[in-house]
Amino acid sequence: MPITCTRICYMRETSEDDQFWHDRCRDAKTLGFDAVMAADPGGARRMLADVCNQYGLPLIMDATPPWPETPQAASGDLGGQGQDAAGLMDAGYDYLAQCAADGIAGFRCRELAVLPPAHWRALIKSVRSNAPNCRFMAWTPGLAAGQLQQLSDVGFDTAFSSLPWWDGRASWLVDEHARLQAMARAVYMPIADPDAPQGSTDDGPSRGVARLSVRMQAAIVAARGVLVPYDLACRAHRKQVVDMNSWIDKRAAMSGQVQMLNGALSPLTVLYRAGMGLLVNPDEHKPAAIDWTALLARLPQGRTRLEEVQISTVRSDGPLMQRSSIAAGETALFKAAALEPICRDVLARGKRRAPAVSPALRIAIENVEPTVDSGRFPVKCTAGEALRVQADILMDGHDRLAAQVLWRAADEAGWHEERMAPLGNDRWAATFTPVRIGKYYFTIQAWRDTWGTHREQVEKKHAAGQDVSLDVEEGRQLVAAAHKRAQGRDAGLAATLGELVRHWDLQAMLAPSTANAMSAADPQDCKTTDPVHYPVMADRREAAYASWYELFPRSCGASPNEHGRFRDVIARLPAIRDMGFDVLYFPPIHPIGTSNRKGKNNAVRAQPGDPGSPYAIGSEYGGHTAVHPQLGSLQDFQALLKCTRDHDLEIALDFAIQCSPDHPWLAQHPEWFAWRADGSLHYAENPPKRYEDIVNPDFYSRRNGASHQARLWRELRNIVVFWIEQGVRMFRVDNPHTKPLPFWEWMIADIKSDYPDTVFLSEAFTRPKLMYRLAKLGFSQSYTYFTWRNDKQELTAYLSELSSPPVSDFFRPNFFVNTPDINPYFLQESGRPGFLIRAALAATMSGLWGLYSGFELCEARAVPHKEEYLDSEKYELRTRDWNQPGNIVAEITRLNQVRRTNPALQTHLGIRFHHVDDGQILFFSKSTRGGDNVVLVIISLNPHQTREGTLDLPLWEWGLPDDARLDLEDMADDRRFSLWGRHHRVALPPERPYLLWRRVQSP
């Protein structure tokens, strides 16, 4: 492996004086750098490398074709009049190999376009044949997306971002980082342009927020290494450079995608990676408000505990979470950690329904929202997501009411309080934020507002010109009584009330400060508490937002017809990560039975060498807690888990409650299975289909008494716990609708009581109400009917149902575009444009979407007249050419990049359908709750013809007049444009069947 150089000091000034370099290297070491970079010093090359090595600083050298020691360097002739690219490569090898022999540890490769990517690849490989640890760093600022893609397999260790030219607001920094990560092992950030003239104080054309201090903080968050010109580091920024280098050293090995957690309309930029974030106010003239509600909801992995990080020269305006804004041009660097999850439920030991606090029945509390079946099941949210509670609260007469939401984590005994505000027509609302992963409860409490009632009556009388002297005296008595109650309990409140009693008059009575004090001292007459404790399940964010990729590990063999192993999957991880996926899902990885094994294309009898269906689980090698021996060992699986984490991926496993006839349970627990009258096994069947290679545990067998059933339930639970202990936290559950509903409610609750961050995906293509019931029972997310919703009316109706209460309170849809079991007719008949249409619909409509491998290659060969794949991978190994012509890898990659930079696309909520005068064009918007991100999606549903239509932009929804200018960004082309007025014509050809726009701030 190449040496690690994460903190590089660039020497703009060169010298052949060894003392000069001793001084520079000594200072660079003091500043926390671990490598030096410089232009080629020519004859002093070996001397400089030796000096750097004395201080433990590897020397990295600029390398720019044409090479300094070739004749073409003087003439600059790179075309037909001089040396061709192949000759230039040969000369480059001689030059770079000599440099490496002189002690140069690596090269910053500039002018990458001079050589074709294949020549760079060959050059790097040749140099490393003699200097295996030589590091190659690609100078990539300014390169287009297509150029970066061509460099993806060249072999560069490091790529450099364009941070010095970032304005503090634009999302291209995150998009570029993703592209660079696809072409190099690590992405470094230059703090300033190293090629700018020496002495520059703020290199690059940007002004304002793009100061060096802000770049350093951005690098701490986003980069795995930095490049800093020495002449900047050794001047006014010394202490900050030391702090930055210390943080880079700590975080260099941390994986994690760079994310932008804000929307394009937000005044504040929020960069985030691997537990650290940066708030940037790019406006040099006015403060930017912090939307804590949105920020906490978008932090991954339940990391809702924020702590500001102080580095030199950065000003702090008090505790981070108590700040409402960031000053003009300022920043705030923070760490984000997960709070302790909620495992213990104190209410579970008592009664579900708590008695009312007071026997008073004057106050009614009705129509509480959100709830699921009146509190029978939990409402779903994510840790950090604000939950808005509403209820109808009413009382006889005209007296005023006060109300509050009481809420607590399940492991807390006491309640937190949030005052409710009246919305009109007896409707009240309040918001609370569950910040830990796990279960919560809330209820509602209301009482007669004694002071508010009296004060309102006095105001009305006074406004009518009536004598209120007696009312003022009665008010004084109420304050005096409150003063007495406060004594001994709240000294500050008692002092305030005592002062009011001594200086009492009408003005004091009507003062807002008096109302606040009396609210705190309210006797809460007629207090009534809703007897129901409504449950809430706060999952980690990945339960609601993730992109899933399914593959069969056994098809990842190094050569055709070679059974893949876990270690072979590792080679696919970069490509899957680079497409933007978060979750890598495997069908069952357990030993496969041989009895009645199925052959290719579901043949009743297997031929020698047929691998069988992975859903026929169990053999002499073990059952659900073993791995198929041809895949490798459990240790190999754990090594794969580590590699997936290093690639910012999470593995999901299939939990399929079914066995082959060879499963060890058949011998150990025959009472767990159904047997026919003739003593033979009852195989799985869905008449007229029979699956002789599979038998299902019989939860309801008469032979399976209560004690046997309990053992079966515990054993199934223990399987999940086993894989959790290996490091898996996501499970796709096969056909849960064919298993007892009480089992799922018990098992999921039991698992989550110990492992609250576990995610369960329900694969239940069944009746809608049964699908919804499974979600209520505890499944985190669910497969859906999206696969069969193709026309405009179907999609509009289905998304409207999923995104509205009551369904949206408990059901999270995962829009898989295909599965190994389902080759949709639409894809069979539509060609490449159809795959683009379905990918765009799934990726933009739901926060959760997924695909089964081969979709990116537009695979659709089907069994005639069936939604099944011909040569199905369920029954054989599949070798694919992942670069075959016609693939849609680039489009999928861009869709996932767009999702990452647009919070509105990270949920199925916030969708609105708009008018377009074509029945085969779907036009909708997705908006965040706070409105900081608005995305417009226009998709043709016809894969065969160009569709044209006139959009009716919903300007009124954004508070704009009908002739307003709307500033937009085309996220497919990375270009900005403006539209005036409501109506605009669009054309969508099959080769580009969708448009993705988002609202942006006016320049």
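About the criteria used
Residues numbered from 1 in each chain as written. Predicted model: local features only at pLDDT ≥ 70, side-chain atom pairs only at ≥ 80, totals over all residues. Heavy atoms only, no water. Core = buried A, V, L, I, M, F, W, Y, C linked by side-chain atoms within 4.5 Å. Buried < 20%, exposed > 50% of the residue type's maximum accessible area, 1.4 Å probe, protein only. Helix = DSSP H or I, 4+ residues; strand = E, 2+ residues; numbered from the N terminus. Contact = heavy atoms within 4.5 Å. Disulfide = S-S within 2.5 Å. Salt bridge = Lys/Arg side-chain N within 4 Å of Asp/Glu carboxyl O. UniProt positions renumbered as here; feature names shortened; annotations may be inferred. Polar contact = N/O pair within 3.5 Å; in protein donor to acceptor, adjacent residues only side chain to side chain. Phe/Tyr/Trp six-rings, centres within 6.5 Å; stacked < 30°, edge-to-face > 60°. Lys NZ or Arg CZ within 6 Å of the ring centre and 35° of its normal. Domains from an automatic or database assignment. Pairing = 2+ DSSP bridges. Axes fitted to C-alpha atoms, helices over the stretch in contact; angles between N-to-C directions. Parallel < 35°, antiparallel > 145°, perpendicular 65-115°, else oblique. Left-handed = near helix turned anticlockwise from the far one by under 90°. Nonpolar A, V, L, I, M, F, W, Y, C, P; charged D, E, K, R; others polar. pLDDT = per-residue confidence, 0-100.

1. Notes on the nonpolar core
Logical step 1: If you look at the biggest cluster of nonpolar residues, it comprises 129 residues, and the most contacted ones within it are Ile393, Phe586, Phe637 and Trp849.
Logical step 2: The element contributing the most residues to this core is helix 25 (residues 825-845), with 11 residues.
Logical step 3: Discounting residues that sit within four places of it in the chain, Ile393 has contacts with Ile363, Ala364, Leu401, Ala403, Met420, Asp426, Trp428, Ile444 and Ala446.
Logical step 4: Listed in part, the 84 residues of the second largest apolar core include Ala63, Ala219, Leu232 and Val241.

2. Focus on the state of the cysteines
Logical step 1: Scanning the model with the defined rule gives 0 disulfides in all.
Logical step 2: Free cysteine: Cys381, not disulfide-bonded; nearest cysteine sulfur from Cys343 at 16 Å.
Logical step 3: On the accessibility criterion, Cys381 (2% relative accessible area) is buried.
Logical step 4: Here Cys556 stays free of any disulfide, with the sulfur of Cys643 as its closest cysteine sulfur at 13 Å.

3. Re the pattern of salt bridges
Logical step 1: Within the structure shown, the criterion is met by 66 salt bridges.
Logical step 2: Two residues, Asp918 and Arg947, come together in a salt bridge whose shortest N-O distance is 2.8 Å. Here Asp918 is found in the loop between strand 36 (911-913) and strand 37 (921-927), whereas its partner Arg947 is found in strand 39 (residues 947-952), with 29 residues between them in sequence.
Logical step 3: Salt bridges here are not isolated pairs; linked through shared partners, they connect Asp40, Arg45, Arg46 and Asp102.

4. A word on the UniProt feature "binding site: alpha-maltose 1-phosphate" (unreviewed entry) in the chain
Logical step 1: UniProt tags Lys598, Gln658, Asp693, Asn735, Lys874 and Tyr875 as "binding site: alpha-maltose 1-phosphate" (unreviewed entry).
Logical step 2: Mapped onto the secondary structure, Asn735 falls in the loop between strand 31 (730-734) and helix 22 (741-754).
Logical step 3: You can call Asn735 partly exposed: its relative accessible area is 27%.
Logical step 4: Here Asp734 takes part through its side chain, which lies 3.4 Å from a polar atom of the side chain of Asn735.

5. Focus: the packing of aromatic side chains
Logical step 1: This structure, assessed with the given rule, holds 40 aromatic pairs.
Logical step 2: Between Tyr852 and Tyr869, the ring centres sit 5.8 Å apart and the planes meet at 75°, which makes this aromatic pair edge-to-face. Here Tyr852, found in strand 35 (residues 848-852), pairs with Tyr869, found in the loop between strand 35 and helix 26 (889-900); they are 17 residues apart in sequence, far enough to count as distant. The two residues Tyr852 and Tyr869 agree in class, both being buried.
Logical step 3: An aromatic cluster of three or more residues is present, and its members are Phe655, Phe699, Trp713, Phe743, Trp744, Trp746 and Phe779.
Logical step 4: The positively charged end of Arg838 is found above the aromatic ring belonging to Phe786, 4.1 Å away from the centroid.

6. Brief notes about the side chain of Ser762
Logical step 1: Mapping Ser762 onto the fold places it in strand 32 (residues 759-763).
Logical step 2: Ignoring anything within four residues of it in the chain, the contact list for Ser762 reads Val733, Pro736, Leu774, Phe779, Gln781, Ser782 and Tyr783.

7. Re the domain arrangement of the chain
Logical step 1: Domain parsing of the chain yields domain 1 (1-71 + 87-253), domain 2 (364-538) and domain 3 (909-999).
Logical step 2: One C-alpha centre belongs to domain 1, the other to domain 3; they are set 42 Å apart.

8. Description of the environment of Ala328
Logical step 1: Looking at where Ala328 falls in the secondary structure, it is placed in the loop between strand 14 (325-326) and strand 15 (331-337).
Logical step 2: Note on Ala328: relative accessible area 26%, which makes it partly exposed.
Logical step 3: Sequence spacing of Ala328 and Pro378 is 50 residues, and the spatial spacing of their C-alpha atoms is 42 Å.

9. Section: the sheet that holds strand 8 (residues 225-229)
Logical step 1: Ordered by their spatial adjacency, 8 strands build a closed barrel running 1-2-3-4-5-6-7-8, and the pairing between neighbours is parallel. Neighbour-to-neighbour, the strand axes of this sheet turn through a mean angle of 25°, independent of strand direction.
Logical step 2: Sheet strands in contact with helix 2 (residues 45-54) are strand 2 (35-38) and strand 3 (59-63), and its direction is about 145° off that of strand 3.

10. Concerning the packing of helix 13 (residues 469-486) against helix 14 (residues 491-502)
Logical step 1: Where helix 13 meets helix 14, the closest approach of the two axes is 9 Å, and the angle between their N-to-C directions is 155°. In terms of orientation, helix 13 lies roughly antiparallel with respect to helix 14. Here the hand of the crossing between helix 13 and helix 14 comes out left-handed. Packed against helix 13, whose contacting residues are Arg476, Val479, Ala480, Ala482, His483 and Ala486, the element helix 14 presents Leu493, Ala494, Leu497, Gly498, Leu500 and Val501 at the interface.

11. Thoughts on the sheet that holds strand 38 (residues 934-940)
Logical step 1: Read across the open sheet, the 6 strands follow the order 36-37-38-43-40-41; overall the sheet is antiparallel. Single-partner strands in this sheet number two, and they are strand 36 and strand 41 (975-980). Each strand of the sheet is rotated relative to its neighbour by a mean of 30°, with strand direction disregarded.
Logical step 2: Across 3 bridges, strand 36 lies against strand 37 in antiparallel orientation. The partner of Arg912 across the bridge, within strand 37, is Ser925.

12. Some details on the pairing of strand 4 (residues 106-109)
Logical step 1: Judged by which residues are buried, strand 4 turns out to be covered on both faces: Gly106 and Arg108 on one side and Phe107 and Cys109 on the other are all buried.
Logical step 2: Examined bridge by bridge, strand 3 and strand 4 share 4 bridges and lie parallel to one another. Of the residues in strand 4, the one forming a bridge with Asp62 is Arg108.
Logical step 3: Summarising the sheet, strand 4 and strand 5 (residues 135-138) pair through 4 bridges and their orientation is parallel. Bridge assignment links Arg108 to a residue of strand 5, and that residue is Met137.

13. Side note on the environment of Ala97
Logical step 1: Within the fold, Ala97 resides in helix 4 (residues 85-101).
Logical step 2: Taking the C-alpha atoms as reference points, Ala97 and Ile124, 27 residues apart in sequence, are found 10.0 Å from one another.

14. Comments concerning the pairing of strand 8
Logical step 1: Of all 5 residues in strand 8, 5 are buried; the element is thus mostly enclosed.
Logical step 2: Neither face of strand 8 is left uncovered, since the one carrying Gly225, Leu227 and Pro229 and the one carrying Val226 and Val228 both have all their residues buried.
Logical step 3: Relative to strand 8, strand 1 (residues 7-11) runs parallel, the two sharing 4 bridges. Note that in strand 8 the partner of Tyr10 across the bridge is Pro229.

15. Regarding the packing of helix 14 against helix 16 (residues 512-520)
Logical step 1: Two elements in contact, helix 14 and helix 16, have axes whose closest approach is 10 Å; the angle formed by their N-to-C orientations is 130°. Classified by the angle between their axes, helix 14 and helix 16 sit oblique to one another. Here the hand of the crossing between helix 14 and helix 16 comes out left-handed. Two secondary-structure elements touch here, helix 14 through Leu493, Thr496, Leu497 and Leu500 and helix 16 through Thr514, Ala517, Met518 and Ala520.
Logical step 2: When its residues are assigned to classes, the contact of helix 14 with helix 16 shows 6 nonpolar, 2 polar and no charged.

16. Some words on unusual backbone geometry
Logical step 1: With an omega of 0°, the peptide bond running from Pro65 to Pro66 counts as cis.
Logical step 2: In this fold, Pro66 is placed in the loop between strand 3 and helix 3 (72-75).
Logical step 3: At the junction of Pro805 and Pro806, the peptide bond is cis and its omega measures out at 5° in the coordinates.
Logical step 4: A positive phi angle, near 65°, is found at Asn602, a position not held by glycine.

17. Looking at the environment of Arg362
Logical step 1: On the secondary structure map, Arg362 appears in the loop between strand 15 and strand 16 (363-369).
Logical step 2: Owing to a relative accessible area of 33%, Arg362 belongs among the partly exposed residues under this scheme.
Logical step 3: With 600 residues separating them along the chain, Arg362 and Asp962 place their C-alpha atoms 49 Å apart.
Logical step 4: Leave out the neighbours within four places in its chain, and Arg362 touches Leu394, Met395, Asp396, Asp399, Arg448 and Cys526.
Logical step 5: At 3.0 Å, the side chain of Arg362 forms a polar contact with the side chain of Asp396.

18. What about the confidence of the model for the chain?
Logical step 1: The share of residues in the chain with pLDDT of 70 or more is 94%, and the mean pLDDT across the chain is 91.
Logical step 2: Considering only residues more than four positions removed or in separate chains, one finds that residues 72-83, a stretch of pLDDT under 50, has 14 contacts.
Logical step 3: Segment residues 350-359: pLDDT under 50, and 13 contacts once partners within four positions in sequence are set aside and those in other chains are kept.

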